[in-house]
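Each chain is listed here by its residues.
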2 protein chains.
Amino acid sequence: MEIPLGRKVLEANDKVAEILRGQFRERGLTVINMVSSPGAGKTSLLERLCERLAGRIPMAVIEGDLATDADARRLAPYGIPVHQIVTGTTCHLDAGMIQSALERLPLDGIRLLIIENVGNLVCPASYDLGEQYRVVVISVTEGEDKPLKYPPVFTAASAVVINKVDLLPYLKFDMPLLRDAVHRMNPGAVVLETSCSTPEGALPWTEWVAARIGAD
Amino acid sequence: MEIPLGRKVLEANDKVAEILRGQFRERGLTVINMVSSPGAGKTSLLERLCERLAGRIPMAVIEGDLATDADARRLAPYGIPVHQIVTGTTCHLDAGMIQSALERLPLDGIRLLIIENVGNLVCPASYDLGEQYRVVVISVTEGEDKPLKYPPVFTAASAVVINKVDLLPYLKFDMPLLRDAVHRMNPGAVVLETSCSTPEGALPWTEWVAARIGAD
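Since the model is a prediction, treat every value here as computed from it, not as a measurement.

Q: Any chance you could explain the overall build of chain A here in plain terms?
A: When you go through chain A residue by residue, the secondary structure sums to eight helices and seven strands. Taking 2.2 N^0.38 as the reference for a compact globule, 216 residues should give roughly 17 Å; the C-alpha atoms of chain A span a radius of gyration of 17 Å, in line with that estimate. Here the C-alpha coordinates of chain A stretch approximately 50 × 45 × 30 Å along the principal axes. Of all 216 residues assigned to chain A, the portion counted as buried reaches 58%. Sequence separation of at least 24 residues holds for 72% of the intrachain contacts in chain A that already meet a minimum separation of 6. For chain A, the accessible surface area stands at approximately 8700 Å², while carbon and sulfur atoms represent 51% of it.

This is how it looks when you write it as structure tokens:
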């Protein structure tokens, strides 16, 4: 029997992810894996989260990008540990990359770890990183049909953040249609509407995260 | 010597792409491969292109999506041949998929073939489809840093379409910074600013395509 390489790679990833999940659980660490298209606003949501939680809750971030440490630099002002993974041409983070990153990112005392994945609404769906929560971010400018057109990432999501709602007045956009599309793919997903243009606009997201770590 | 599978897959793809390129050349067919993040506006740009060219220039479209034939249905009103490839979980189109699609999409008399890739700013960069022109579409809502953060797709582009410029008044967005980022990655790329909210807004794109087939 021949096992296609894709499946072997994913099985190997899943084994490492299970080890990570056990380590996270032992430490009482809450881990969130953020997935989205490029430019949907993951880093802006993280900035708003740091404003709300950094200093109150010990937290750390792992950034994944093909190139540059621009996202890590954006989070530097908040004084939390940030580790940047530069993937080169690899289109997703995998559990092995997280395992390596954790050798350089001490987790002692940390209660919340956010992993910002490579901007890609397809490939990260297949790679379990050992997280408890997967959050998909989409921007209202991407259109209402995205959950139907990119099913895998939505079916595995704990929460779907619909970002940039401050642009709604300038778009033809049907929010009930998008919510319906999300729930057709994933009836259990929490849907949060956000804008990062003000701290208040990001509250549904920051409150949701705070509640996950009992800090609400 | 062991060749990593990734390289073998890409070498096999390149061989098929070369065969396709030869066939396209023999037919005098101009082929454009459109690549972008999900929701950047590839299909809207195609709608505007069909409005401009369908009926005047014999053209055909291959649509790539993980799921649904929604994009093919959007183009149905223009009465051109459209073939939808549904990739399932595969994050890009490859040359073999195009070869198979062409068995069902008769090219006799066709002068322009547009391939709309899966919405993904990473993986399609590695897969030559035999096209003469690769066009990357980004939306102004994605931010100015995308070329620096997703280099491979930009370095291979003939043209970069900056779409949704009608939203600029509502965004903090530095167009010269984005143009500079594009040209740092790819000094030869043509940069076109578009909006699909009016036919006039899409003119830089439709004129550029028309000029490629000598129809301007």
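Q: Explain the relation of the copies chain B and chain A here, please?
A: Comparison of the two chain copies shows a relationship of rotation about an axis with a shift along it. Taken as rigid bodies, chain B and chain A are interconverted by a rotation of 180° and an axial shift of 0.0 Å, the fit giving an RMSD of 0.0 Å. One copy is carried onto the other by what is essentially a two-fold rotation axis.

Q: What is the right way to read unusual backbone geometry from this model?
A: A positive phi angle is found at T68 of chain A, which is not glycine, with a value near 75°. Among the secondary structure elements, T68 of chain A is positioned in the loop between β2 (59-65) and α3 (70-75).

Q: Before we go on, may I ask you to explain the packing of aromatic side chains in this structure?
A: Both the distance between ring centres and the angle between the ring planes are used here to describe each pair of aromatic rings. Residue and element names in this part refer to chain A. As enumerated under the stated definition, the model contains three aromatic pairs over all chains in all. Where Y133 meets W208, the ring centres are 5.6 Å apart and the plane angle is 75°; that geometry is what we call edge-to-face. You can see Y133 sitting in strand β5 (residues 133-139) and its partner W208 sitting in helix α8 (residues 203-212), a full 75 residues away along the chain. The class of Y133 is partly exposed, set by a relative accessible area of 23%. Accessibility expressed as a relative area gives 9% for W208, which makes it buried. Looking at R212, its charged tip hangs above the ring of Y133, at a distance of 5.7 Å from the centre.

Q: Help me understand the state of the cysteines in this model?
A: In a disulfide, the sulfur atoms of two cysteines are covalently bonded to one another. Overall, the coordinates contain zero disulfides over all chains when judged by the stated rule. Its sulfur unpaired, C91 of chain B is 3.5 Å from the next cysteine sulfur, which belongs to C123 of chain A. In this structure C91 of chain B comes out as buried when scored by relative accessible area, which is 11%.

Q: I'm lost on the side chain of D128 of chain A in this one. Help?
A: Residue and element names in this part refer to chain A. Along the chain, D128 turns up in the loop between β4 (112-116) and β5. Only 2.3 Å separates the side chain of D128 from the side chain of R21, close enough to count as a polar contact. Only 2.8 Å separates the side chain of D128 from the backbone nitrogen of G130, close enough to count as a polar contact. Each residue touching D128, except ones within four places of it in the same chain, is listed here: N13, D14, A17, E18, R21, A95 and R134.

Q: I keep staring at the packing of helix α2 (residues 42-53) of chain B against helix α8 (residues 203-212) of chain B and nothing clicks. Help me out?
A: Working note: a packed helix pair is described by the angle between its axes plus the distance between those axes. Residues and elements named next belong to chain B. The interhelical angle for the contact between α2 and α8, taken along N-to-C directions, is 60°, at an axis separation of 9 Å. As far as their axial angle goes, α8 and α2 are oblique. For the pair α2 and α8, the crossing hand works out as right-handed. For the pair formed by α2 and α8, the contact residues are L45, L46, R48, L49, R52 and L53 on the first element and W205, T206, E207, V209 and A210 on the second. Partitioned by chemical class, the residues of the contact of α2 with α8 number seven nonpolar, one polar and three charged.

Q: I tried to follow the pattern of salt bridges on my own but got confused; where do I start?
A: Between side chains of opposite charge, pairing is possible as soon as their charged atoms come close. For the coordinates displayed, the defined rule picks out 30 salt bridges over all chains. Residue E47 of chain B pairs with R74 of chain B through a salt bridge whose shortest N-O separation is 3.1 Å. Taken as a pair, E47 of chain B in helix α2 and R74 of chain B in helix α3 (residues 70-75) lie far apart in primary sequence, 27 residues in all. One continuous salt-bridge network, built from bridges that share partners, spans D65 and D71 of chain A together with D145, K146 and K149 of chain B.

Q: Can you walk me through the pairing of β4 of chain A in this structure?
A: If a strand is regular, its side chains alternate between the two faces of the sheet. Residues and elements named next belong to chain A. Counting buried positions over the five residues of β4 gives five, a clear majority of the element. With burial as the criterion, each face of β4 is covered, one bearing L112, I114 and E116 and the other bearing L113 and I115. In terms of strand pairing, strand β1 (residues 30-36) meets β4 through five bridges, oriented parallel. Its bridge partner being in β4, M34 is matched across the sheet by E116.

Q: Looking at this structure, I do not really get the sheet that holds strand β5 (residues 133-139) of chain B. What am I missing?
A: Sheets are built from strands paired through backbone hydrogen bonds, the pairs being either parallel or antiparallel. All names here are of chain B. The seven strands lie next to each other as β3-β2-β4-β1-β5-β6-β7, forming an open sheet whose pairing is parallel. The sheet terminates laterally at β3 (82-86) and β7 (190-193), the two strands that pair on one side only. Direction aside, the axes of adjacent strands within the sheet are offset by 20° on average. Of the strands in this sheet, β2 (59-65), β3 and β4 (112-116) touch helix α4 (residues 95-104), which is tilted by about 140° from β3. Packing of α8 onto the sheet brings it into contact with β1 (30-36), β4, β5, β6 (159-163) and β7, and relative to β7 it is tilted by some 140°.

Q: Could you clarify how one ought to interpret the confidence of the model for chain A in this entry?
A: Interpretation of the predicted coordinates at a detailed level should be avoided for regions scoring low in pLDDT. Chain-level pLDDT for chain A is 95 on average; 97% of the residues reach the 70-or-more range. Across the predicted assembly, pTM comes out at 0.95 and ipTM at 0.92.

Basis of the calculations
- Residues numbered from 1 in each chain as written.
- Chains lettered and ligands numbered in written order.
- Predicted model: local features only at pLDDT ≥ 70, side-chain atom pairs only at ≥ 80, totals over all residues.
- Heavy atoms only, no water.
- Helix = DSSP H or I, 4+ residues; strand = E, 2+ residues; numbered from the N terminus.
- Rg over C-alpha atoms; globule rule 2.2 N^0.38 Å.
- Buried < 20%, exposed > 50% of the residue type's maximum accessible area, 1.4 Å probe, protein only.
- Contact = heavy atoms within 4.5 Å.
- Areas by Shrake-Rupley, 256 points an atom, 1.4 Å probe, with all protein chains shown as cover.
- Least-squares fit on C-alpha atoms with pLDDT ≥ 70 in both.
- Phe/Tyr/Trp six-rings, centres within 6.5 Å; stacked < 30°, edge-to-face > 60°.
- Lys NZ or Arg CZ within 6 Å of the ring centre and 35° of its normal.
- Disulfide = S-S within 2.5 Å.
- Polar contact = N/O pair within 3.5 Å; in protein donor to acceptor, adjacent residues only side chain to side chain.
- Axes fitted to C-alpha atoms, helices over the stretch in contact; angles between N-to-C directions.
- Parallel < 35°, antiparallel > 145°, perpendicular 65-115°, else oblique.
- Left-handed = near helix turned anticlockwise from the far one by under 90°.
- Nonpolar A, V, L, I, M, F, W, Y, C, P; charged D, E, K, R; others polar.
- Salt bridge = Lys/Arg side-chain N within 4 Å of Asp/Glu carboxyl O.
- Pairing = 2+ DSSP bridges.
- pLDDT = per-residue confidence, 0-100.

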